Amino acid sequence: KMATTRAAAKAAMAPAGPRRAWALKAGSVKSLRLKELPPANRPGYGEVLVDVKCIGLNFADVFSVLGLYSATPKGEFVPGLEFSGVVREVGASGVAAESVEFASDEARRRAERESADLRPGDKVSGVVRFGAYCTSVLAPAHQLRKIPTGWTLAQGAAFNVQALTVWYGLQALGNVKPGQVVLVHSCAGGCGLLALQILQKIGAKAIGTVGSSSKVSVVVERFPGYMSDARVVVRAKKPKDYAAQLRDALKAMGEDSIDIALDAVSGSYFQPTFDALGPGGRHVVYGAADLTPHGDAVWSLLNPMVGLKLAYKWLTRPKVDPIELPAVNKSVMGFNLIWMFSKVDQLLGLMDELYGMDLEPPLVGQTFAFGDMPNALRLFQSGNTTGKVVIHVDNDDDGDSDKNQ
């Protein structure tokens, strides 16, 4: 084990070569091009250079590639929020950090402090606003975490973004408590499965929804004794039928209403979910899968129906009158973590809580090779996935070969 650690550290300190990255100007999956980029700059104080081994896909990637995110860079850019890999170099004190754009002075100071705990050869998972679709990444040290013992690099790339997303929604906004009833949309996906694991850990009750009956067994088998067929709703297409499904699921649990809805679907399912909330209920929105276009681009002359369907869904999207909220005693909250990178202490505090829960490694449902990134995005975009979709940058990073010892 000591020899392996020394070999990894020695390899990590070798000179970095050219990088490969998927880049595009936002608008279409077809625009993604695999390019060779110059070697990364050496890291400054607070910066860490990581050789990427695995990349985790997130819906934010799809929205940024299609140009539906207001945060998406205007010109050509490298997408990607989440990755795992091996530390190549840690920026030394006194060396100016010029490559990473820190979200705030607080973020810079925290990165400088956190860098002291990292060494070449460490296996880490990381989060960046953009740029993870690359064979090496320069990241702020505070946005990296050492991968827990026994986890693979793929599992490391499947945890941080989605776990932080659901925990922020459940804890910071939803104020979840033991015994409360929580509806988790898309509960067979990466976020959904992590949300269920967290809710089970803290003693809350859960109802899950999925888009296809084939996903029910994934949920029930992963949470025996906690989730059952009666608690996993296969969403009906018509809102009134879906509303009846929610009533049946609540009745089977001996409950009348939902305390928190963790909603990544929205669209036509928003109103029935909101109506199922009890007094003081919180509807937390962090995605809109029902409004996600299926296709390489939002608009195409060859397939104009994609754009027309999206336009129709957009025009008929749910709307909430804030004047009515006090009368119904419910709230609607939304968030996007990409705008919260400056809230360093809050987010890192939540991450500390997550890692302190001793959660099971996340489910990696589908894996792709780095060269097959466009097809991985297409499958992820389709909604026909379970767990996390992970890209392997090296072909030997599957199974136990990349397990952290």
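Here, the structure is the one placed above.
Before going into details, it helps to say that this report is about the structure given with it. (Residues numbered from 1 in each chain as written. Predicted model: local features only at pLDDT ≥ 70, side-chain atom pairs only at ≥ 80, totals over all residues. Heavy atoms only, no water.)

Moving on, we get to the environment of Ser99. Residue position: Ser99 is located in the loop between strand 5 (82-90) and helix 3 (105-114). Leave out the neighbours within four places in its chain, and Ser99 touches Asn41, Glu47 and Leu138. (Helix = DSSP H or I, 4+ residues; strand = E, 2+ residues; numbered from the N terminus. Contact = heavy atoms within 4.5 Å.)

Once that is clear, we can look at the nonpolar core. Counting residues in each nonpolar core, the largest one holds 50 residues, and the members touching the most others are Leu170, Leu199, Val219 and Leu354. Among the elements of the structure, helix 4 (153-156), helix 5 (160-173), strand 9 (181-184), helix 6 (190-202), strand 10 (205-210), helix 7 (216-222), strand 12 (258-263) and helix 12 (344-356) are those that each provide at least two residues to this core. Considering each element in turn, this core owes the most residues, seven residues, to helix 6. (Core = buried A, V, L, I, M, F, W, Y, C linked by side-chain atoms within 4.5 Å. Buried < 20%, exposed > 50% of the residue type's maximum accessible area, 1.4 Å probe, protein only.)

Note that Ser31 resides in the loop between strand 1 (19-25) and strand 2 (33-37). Accessibility expressed as a relative area gives 32% for Ser31, which makes it partly exposed. The sequence separation of Ser31 and Val65 amounts to 34 residues, and the corresponding C-alpha distance is 8.7 Å. Setting aside residues no more than four positions away along its own chain, Ser31 makes contact with Ala23, Leu24 and Lys25.

On to the sheet that holds strand 13 (residues 277-285). What the six strands build is an open sheet, ordered 11-10-9-12-13-14; its pairing is parallel. Both outer strands of the open sheet, strand 11 (232-234) and strand 14 (330-334), are each paired with one neighbouring strand and no more. Across this sheet, the average inter-strand angle for adjacent strands is 15 degrees, counted without regard to direction. Here strand 13 runs beside strand 14; their pairing, made up of five bridges, is parallel. Bridge pairing links Arg282 to Ser331 in strand 14. Taken strand by strand, helix 6 contacts strand 9, strand 10 and strand 12, and its axis lies near 165 degrees from that of strand 9. (Pairing = 2+ DSSP bridges. Axes fitted to C-alpha atoms, helices over the stretch in contact; angles between N-to-C directions.)

Applying the stated rule across the entire model yields eight salt bridges. When the shortest N-O distance is used, the salt bridge between Lys388 and Glu82 registers 2.7 Å. Of this pair, Lys388 sits in strand 16 (residues 388-392) while Glu82 sits in strand 5, and the two are 306 residues apart along the sequence. Each member of the pair, Lys388 as well as Glu82, carries the same accessibility label: buried. A salt bridge links Glu255 to Lys205, with the nearest nitrogen and oxygen atoms 2.5 Å apart. Remark: Lys205 occurs in strand 10 and Glu255 occurs in the loop between helix 8 (239-253) and strand 12; sequence separation between them is 50 residues. Accessibility expressed as a relative area gives 22% for Glu255, which makes it partly exposed. (Salt bridge = Lys/Arg side-chain N within 4 Å of Asp/Glu carboxyl O.)

With that settled, consider the pairing of strand 3 (residues 47-56). By the criterion of burial, strand 3 is predominantly enclosed, with 10 of the 10 residues buried. Taken together, the five bridges between strand 3 and strand 7 (residues 136-140) define a ladder with antiparallel strand orientation. Within strand 7, the residue paired with Glu47 across the bridge is Pro140. Pairing geometry for strand 3 and strand 5, over eight bridges, is antiparallel.

Now for the packing of helix 2 (residues 59-66) against helix 13 (residues 373-382). Each packed pair of helices is defined by two parameters, the angle between the axes and the distance between the axes. Where helix 2 contacts helix 13, the two axes come as close as 10 Å, and the packing angle between them is 110 degrees. Regarding the angle of helix 2 to helix 13, the classification is roughly perpendicular. Helix-helix and strand crossings are classified by hand; for helix 2 and helix 13 the assignment is left-handed. Contacts between helix 2 and helix 13 involve Phe59, Asp61, Val62, Val65 and Leu66 on the former and, on the latter, Leu377, Phe380 and Gln381. Residues that form the contact of helix 2 with helix 13 fall into these classes: six nonpolar, one polar and one charged. (Parallel < 35°, antiparallel > 145°, perpendicular 65-115°, else oblique. Left-handed = near helix turned anticlockwise from the far one by under 90°. Nonpolar A, V, L, I, M, F, W, Y, C, P; charged D, E, K, R; others polar.)

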